[in-house]
Amino acid sequence: GAGVSQSPRYKVAKRGQDVALRCDPISGHVSLFWYQQALGQGPEFLTYFQNEAQLDKSGLPSDRFFAERPEGSVSTLKIQRTQQEDSAVYLCASSPPQPGQPQHFGDGTRLSIL
Amino acid sequence: AQSVAQPEDQVNVAEGNPLTVKCTYSVSGNPYLFWYVQYPNRGLQFLLKYITGDNLVKGSYGFEAEFNKSQTSFHLKKPSALVSDSALYFCAVRDIGSNYQLIWGAGTKLIIKP
């Protein structure tokens, strides 16, 4: 497709379960970002990949959060032993590597932890 | 410290009137500035950017923004608002210390009344 694709769009899980969120970036985009967004708030940076290398994971809130991009395209954000405070929208964005290039966002995964 | 401020949580405009959504920034050096729009249950969509050159930048859907270095502002404008412009608008500036990190404003909810 032409845009960033995220799946699932909605995910409901019980507290303590593990979840995996998928991001399929725009073809050829080297940079990939994961953000967490609370309702009505701006996106909060989680992690950044350049190709398959995770160059920055400073925004991951705990060691329960793990992201990978093994082949430099599709990325997965995994949350282990989910907690209620993990409920949020998780956005993925991709861009070419140059600093002035805009990020292109997917429609996000809305995660609800019961 | 680097920052972005969107001083208005909400802006109300009548359809057909001009609209302005304000953004001010604080970064050292030359800023890269971006505006994004977010519709309900959707990801952020890129509207326009300022990197260098003409202070008046034109973007998608008839929006434009004016870079003012002396006032450290990058206000988003449109000459004639449409009801369909109602959405959440985010201003962002590239973190000077990073090639990829964006510093995001808190967002402004724009409501266009028929």
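Scroll up to find the structure this text is about.
Thresholds, definitions, all that
- Residues numbered from 1 in each chain as written.
- Chains lettered and ligands numbered in written order.
- Predicted model: local features only at pLDDT ≥ 70, side-chain atom pairs only at ≥ 80, totals over all residues.
- Heavy atoms only, no water.
- 1 Å grid on protein atoms, 1.4 Å probe; cavity = no way out; pocket = protein on both sides within 12 Å on 5 of 7 lines; lining within 4 Å.
- Points joined across faces, edges and corners; volume = space filled by probe spheres on them.
- Nonpolar A, V, L, I, M, F, W, Y, C, P; charged D, E, K, R; others polar.
- Contact = heavy atoms within 4.5 Å.
- Buried area = accessible area lost by both parts, 1.4 Å probe.
- Salt bridge = Lys/Arg side-chain N within 4 Å of Asp/Glu carboxyl O.
- Polar contact = N/O pair within 3.5 Å; in protein donor to acceptor, adjacent residues only side chain to side chain.
- Helix = DSSP H or I, 4+ residues; strand = E, 2+ residues; numbered from the N terminus.

1. Regarding empty space enclosed by the protein
Here the structure, examined in full by the defined rule, presents one cavity of 30 Å³ or more. Here the largest cavity defines a volume of roughly 100 Å³. Around the largest cavity, the lining is made up of 16 residues, and of these Ser 95, Pro 99 and Gln 101 of chain A together with Asn 99 and Tyr 100 of chain B lie nearest the centre. Looking at side-chain class alone, the lining of the largest cavity contains nine nonpolar, six polar and one charged residues.

2. A word on the interface of chain A and chain B
Listed as interface residues are 22 residues of chain A and, on the opposing side, 21 residues of chain B. The junction of chain A with chain B conceals about 1700 Å² of combined surface from both sides, 53% of it contributed by carbon and sulfur atoms. Viewed at the interface, chain B and chain A are joined by one salt bridge. Put simply, chain A and chain B have eight residue pairs in polar contact (both at pLDDT 80 or more) between them. A total of three residues in the side of chain A that touches chain B trace back to one element, the largest contributor, which is strand β4 (residues 31-37) of chain A.

Any functional reading would require information beyond the geometric quantities listed.
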